[in-house]
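# Understanding the architecture of this molecule
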Amino acid sequence: MSSRKPLTVSVEDVCFCHWPVDPDALNRALPAWLTAEAAAGDAWVTAIHHTVTGVSSFGIDLSDPAESVTVRTYVSGPDGQRGLYFFAAFTTDTLASAAGPLLRLPYRDGRVARRDGDTEYRTERTLDVANRRALTVRYTPGDGPATTAPADSLPSFFVERFRVFATGPLGTKLVAGVGHEPWPLGAVEAAVDGDLLRVLDLPEPVGEPLVHYSPGNDMSVAPPVPLWLD
């Protein structure tokens with residue numbers, strides 16, 4: 001049997017920035033059929049800065065390397081299934097942006113710029129269409145080995161997700177399966193600035209962001225299907 005997947009995405013140099021937000025306020029920003037999932041007393045919105053090193057379908061390369069930022073939250077579906085919901089995505093890959101409706105990723109007008117310092121930090125800037133600087137992240141990965149998050153820990157809550165929910169045409173409730181090995185997470189020092197949540201009309205943070213770092217992972221993504229077929 002072929003091991004080739006319908007869609008495989010490989011990412012490297014991944015920085016997760018998580019903001020705590022009020023669960024009730026976040027629920028008002030979600031489709032009515034989804035519920036914000038809380039951890040450590042808060043709901044969470046995460047911006048993920050990463051380099052997409054490859055996108056392939058059944059072994060055929062579809063995309064060149066690109067810098068990307070996705071913005072997501074953590075939800076429960078109608079039957080209590082845990083998953084992700086994406087609010088926005090930005091990328092330097094115009095092909096990926098054009099394919100947004102097909103992939104159910106809500107690509108936004110804007111741009112992502114990357115600058116590498118003298119091995120001390122990486123800076124990622126996400127700008128919206130009005131040329132406002134929505135987010136700047138400077139981070140330095142630690143030297144220690146990356147390890148997987150313990151089960152039922154807060155880092156595991158953030159990264160070990162295997163469903164993506166979306167709303168399709170005519171309000172269809174959609175779900176896509178995502179497969180991956182456990183995320184390796186390592187130490188990181190980071191500084192996070194900007195008004196990303198405000199730019200996206202999301203609730204204001206109720207605390208300082210948490211940051212996690214991963215050297216990368218490979219993800220297989222199934223096509224979205226109506227929720228009742230899941």
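The text that follows walks through the structure, step by step, so that each part is easy to find.

How each quantity is defined
Residues numbered from 1 in each chain as written. Predicted model: local features only at pLDDT ≥ 70, side-chain atom pairs only at ≥ 80, totals over all residues. Heavy atoms only, no water. Salt bridge = Lys/Arg side-chain N within 4 Å of Asp/Glu carboxyl O. Helix = DSSP H or I, 4+ residues; strand = E, 2+ residues; numbered from the N terminus. Buried < 20%, exposed > 50% of the residue type's maximum accessible area, 1.4 Å probe, protein only. Pairing = 2+ DSSP bridges. Phe/Tyr/Trp six-rings, centres within 6.5 Å; stacked < 30°, edge-to-face > 60°. Lys NZ or Arg CZ within 6 Å of the ring centre and 35° of its normal.

## Some points on the pattern of salt bridges
Going through the model one piece at a time under the given rule, you end up with four salt bridges. In this structure, Arg 82 engages Glu 37 in a salt bridge whose closest nitrogen and oxygen atoms are separated by 2.9 Å. Of this pair, Arg 82 sits in strand β6 (residues 82-91) while Glu 37 sits in the loop between β2 (35-36) and β3 (43-57), placing them 45 residues apart in sequence. A residue is classified by how much of its surface remains accessible, and Arg 82, at 38% relative accessible area, is partly exposed.

## Quick word on the pairing of strand β12 (residues 173-180)
For a regular strand, the rule is simple: side chains alternate between the two faces of the sheet. By the bridge criterion, five bridges tie strand β11 (residues 163-167) to β12 in an arrangement that is antiparallel. Its bridge partner lying in β12, Val 164 is registered against Ala 176. The sheet contact formed by β12 and strand β16 (residues 225-226) spans two bridges and is antiparallel. Along β16, the bridge assignment pairs Leu 174 with Pro 226.

## What to know about the packing of aromatic side chains
For the coordinates displayed, the defined rule picks out eight aromatic pairs. Consider the rings of Trp 33 and Phe 165, whose centres lie 6.0 Å apart with planes at 85°: the pair is edge-to-face. Here Phe 165 lies in strand β11 and Trp 33 lies in the loop between α1 (23-27) and β2, a separation of 132 residues in the sequence. Assigned by exposure class, Trp 33 and Phe 165 land together as buried. Above the face of the Phe 157 ring, Arg 161 is positioned so that its terminal group lies 4.5 Å from the ring centre.

In short, shape yes, function no, at least from these values alone.
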